[in-house]
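Okay, here's what each chain looks like letter by letter:
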Amino acid sequence: MPDGTTVKADIAVIGAGAVGSACAHALVRQGFDVILVDAASPTAGTSGACSGLIAVSTKKPGLVLDLAVASKALYPEIVGDLHQPVEYRQSPTLILIEHEAEKPALERTQKAAAELGFRLDYLNRNDVRNREPHLCGDLVGALRCEDEQVVNPYLMNLALAQRAIALGVRPLFGVRPIHVDVTNGQITGIETTAGHIDAEQYVFAVGAWSAELGALVGLDLRVVPRRGEVAVTARVRQLVEHYVMTAGSMIAKNDPKVAERSSDPLMQMGGGLGIHMTGEGQVALGTTRAFAGFDRTSSEAGISAILSAAALRLPALVDVPILRCFVGLRPHVPDGRPLIGRSRRLNNLLVATGHDGDGISLSVITGALIADLAAGRSPAVDLTAADPDRFTEIQADNNEVALATT
Ligand SMILES: Cc1cc2nc3c(=O)[nH]c(=O)nc-3n(C[C@H](O)[C@H](O)[C@H](O)COP(=O)(O)OP(=O)(O)OC[C@H]3O[C@@H](n4cnc5c(N)ncnc54)[C@H](O)[C@@H]3O)c2cc1C
């Protein structure tokens, strides 16, 4: 966009990560005239620095599980429309139970998944050894889910954005909002670093950076970056068949307080071991989950905790070189639920953020739900628990109480 000009559109999607790109893709397929705005470019955010497990077995029962089930069903159709390979494939998951105390949380997941038609099988330690002979160390057993998938998240983000653009979405990359005009409960325009945007509706989808964008319109989008480190090895022979993770990692994901009580160095960093083979035959090893601001540099402490845990569980890796390490910032919301929906305070604003460690899984359903809302249809999944105004309203109530008591 040349400086000083005004770009008009039906809908301006701000943020071109997997979530924003999925929204742009779904909206243009519904016939909307869309612009896709990003301060950098697609894959510059967390979707370019993460893993791509599309699972139900790792999801917290409730809203996130419901969204995961709906997204999983939608993935094949969306991938089919992208017309380029994104390494989408079957990849059963194996959740390793290292302590008896981890069983109840997994049994709850197993039950909730079964109610939605997904089978998670309990394996004893011998079954685990038979299925994954390279894994070592003590185990109680594991939970296995056959019907799960993975995608290359980097390729998925890029393909969604490229397909959206091929269908008519206009990209405005390297462009950042600096001021948002609000009149009578509506956004009436956005001043950017390269000119003015004038759209009928707006979608905020900037992941871990949402709090700053929300503040421009007086909304408390309480998204906090939750840092995750990953190490990727050189190519090796097939060492694991499953997408393997520890139950502790899953439990710490849903309850950050677990980390404080753990003696495991990786869990103390909020994480737990994850091991999977990439589409290129490398082994990706993760991960930490730390609240440490927007720092995206790999840390010696984080990477060595991951490598030590991996060496104990998969000794065949000990002499395999590490080719690269990276950090992604999960868009974490303190109550564990994403923010998806239409704001009641700004009635032409749709919010799509806060997907924490699940945004690749949930990107395509989020796009579909945003398209439903933009078109005035009831969303296909009940979004009451994803209310994007919930923190703004708590804040407003607190302010009223404070005023009344002073
Ligand atoms: C180590 C790790 C492993 C993970 N593994 C998985 C997994 O296996 N499965 C899964 O489903 N999820 C996983 N996740 C979570 C997933 O990566 C995120 O939930 C997802 O990438 C978030 O996507 P997003 O589009 O919301 O944000 P992002 O991808 O971060 O995109 C946000 C975009 O907004 C842009 N932006 C920021 N501020 C502004 C602004 N003011 N104006 C304009 N543009 C702006 C950025 O440049 C960026 O392009 C993992 C995350 C990590 C860190």
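Our subject is the structure that appears above.
About the criteria used
- Residues numbered from 1 in each chain as written.
- Predicted model: local features only at pLDDT ≥ 70, side-chain atom pairs only at ≥ 80, totals over all residues.
- Heavy atoms only, no water.
- Helix = DSSP H or I, 4+ residues; strand = E, 2+ residues; numbered from the N terminus.
- Rg over C-alpha atoms; globule rule 2.2 N^0.38 Å.
- Buried < 20%, exposed > 50% of the residue type's maximum accessible area, 1.4 Å probe, protein only.
- Contact = heavy atoms within 4.5 Å.
- Areas by Shrake-Rupley, 256 points an atom, 1.4 Å probe, with all protein chains shown as cover.
- Core = buried A, V, L, I, M, F, W, Y, C linked by side-chain atoms within 4.5 Å.
- Domains from an automatic or database assignment.
- Polar contact = N/O pair within 3.5 Å; in protein donor to acceptor, adjacent residues only side chain to side chain.
- Salt bridge = Lys/Arg side-chain N within 4 Å of Asp/Glu carboxyl O.
- Pairing = 2+ DSSP bridges.

**Details of the overall build of the protein chain**
- Across its full length, the protein chain carries 12 helices and 19 strands.
- Taking 2.2 N^0.38 as the reference for a compact globule, 406 residues should give roughly 22 Å; the C-alpha atoms of the protein chain span a radius of gyration of 21 Å, in line with that estimate.
- With respect to the principal axes defined by its C-alpha atoms, the protein chain has extents near 65 × 55 × 40 Å.
- Counting every position in the protein chain, which comprises 406 residues, the buried fraction comes to 55%.
- A separation threshold of at least 6 residues defines the contact pool for the protein chain, and within that pool the share at least 24 residues apart is 75%.
- As displayed, the protein chain offers around 16700 Å² of accessible surface, 53% of which is attributable to carbon and sulfur atoms.

**Overview of the nonpolar core**
- Val13, Leu27, Leu67, Val203 and Ile370 are the most contacted members of the largest nonpolar core, which has 54 residues in total.
- Per-element tally for this core: the top contributor is helix α11 (residues 359–374), with seven residues.
- Split by domain, this core shows at least three residues from each of two domains, domain 1 (6–47 + 154–223 + 335–405) and domain 2 (92–147 + 224–331).
- Setting aside residues up to four positions removed in sequence, isoleucine 370 forms contacts with Cys23, Leu27, Val203, Ile340, Leu350, Val351 and Ala352.
- Core analysis: the second largest hydrophobic core is formed by 28 residues, Val37, Tyr202, Leu221 and Phe391 among them.

**Focus: the environment of histidine 179**
- For histidine 179, the location among the structural elements is in strand β10 (residues 177–183).
- It is 9.3 Å that separates the C-alpha atoms of histidine 179 and threonine 193, two residues lying 14 residues apart in sequence.
- If we skip the residues at most four places from it in the chain, histidine 179 touches Gly189, Ile190 and Glu191.
- Reaching out from histidine 179, the side chain makes a polar contact with the side chain of aspartate 181 at a distance of 3.1 Å.

**Observations concerning the pattern of salt bridges**
- Considering all chains together, one arrives at 23 salt bridges under this definition.
- Here aspartate 358 makes a salt bridge to lysine 59, at a shortest N to O gap of 3.2 Å. In this pair, aspartate 358 is assigned in the loop between β19 (349–353) and α11 and lysine 59 in the loop between β3 (53–54) and α2 (63–82), connecting sequence segments 299 residues apart. Both residues of the pair, aspartate 358 and lysine 59, belong to the buried class.
- The partner of arginine 345 in a salt bridge is glutamate 393, with the nearest N and O atoms 3.9 Å apart. Of this pair, arginine 345 sits in the loop between β18 (339–342) and β19 while glutamate 393 is found in helix α12 (residues 390–405), placing the two residues 48 residues apart along the sequence.
- Classification of arginine 345 as partly exposed rests on a relative accessible area of 39%.
- Ionic contacts of the salt-bridge type, sharing partners, join the residues Arg344, Arg345, Asp387, Asp389 and Glu393 into one network.

**A few points about the pairing of strand β11 (residues 186–192)**
- Sheet topology note: the β10/β11 ladder contains six bridges and is antiparallel. For threonine 183, the partnering residue across the bridge sits in β11 and is glutamine 186.
- Hairpin connection, β10 to β11: the antiparallel pair is bridged by two residues, and asparagine 184 has positive phi, about 50°.
- Between β11 and strand β12 (residues 195–204), which follow one another and run antiparallel, lie two residues.

**With respect to the sheet that holds β3**
- On the basis of which strands lie adjacent, the open sheet formed by three strands has the order β3-β8-β4 and antiparallel pairing. Each of the sheet's edge strands pairs with one partner strand only, and the pair in question is β3 and β4 (89–90).
- Two strands pair when backbone bridges link them, and β4 and strand β8 (residues 149–150) are joined in this way by two bridges, in the antiparallel orientation. If you follow glutamine 90 over to β8, its bridge partner there is glutamine 149.

**Regarding the side chain of histidine 276**
- Inspection of the secondary structure assignment puts histidine 276 in strand β15 (residues 274–277).
- On the accessibility criterion, histidine 276 (13% relative accessible area) is buried.
- Among residues more than four places away in sequence, those in contact with histidine 276 are Ser51, Val240, His242, Tyr243, Gln282, Val283 and Ala284.

**Notes on the pairing of β12**
- The element β12 is extensively covered by neighbouring structure, given that eight of its 10 residues are classed as buried.
- In terms of strand pairing, strand β1 (residues 6–14) meets β12 through eight bridges, oriented parallel. By the bridge assignment, lysine 8 is partnered in β12 with aspartate 198.
- Note: β11 against β12, three bridges, orientation antiparallel. Its bridge partner lying in β12, glutamate 191 is registered against histidine 196.

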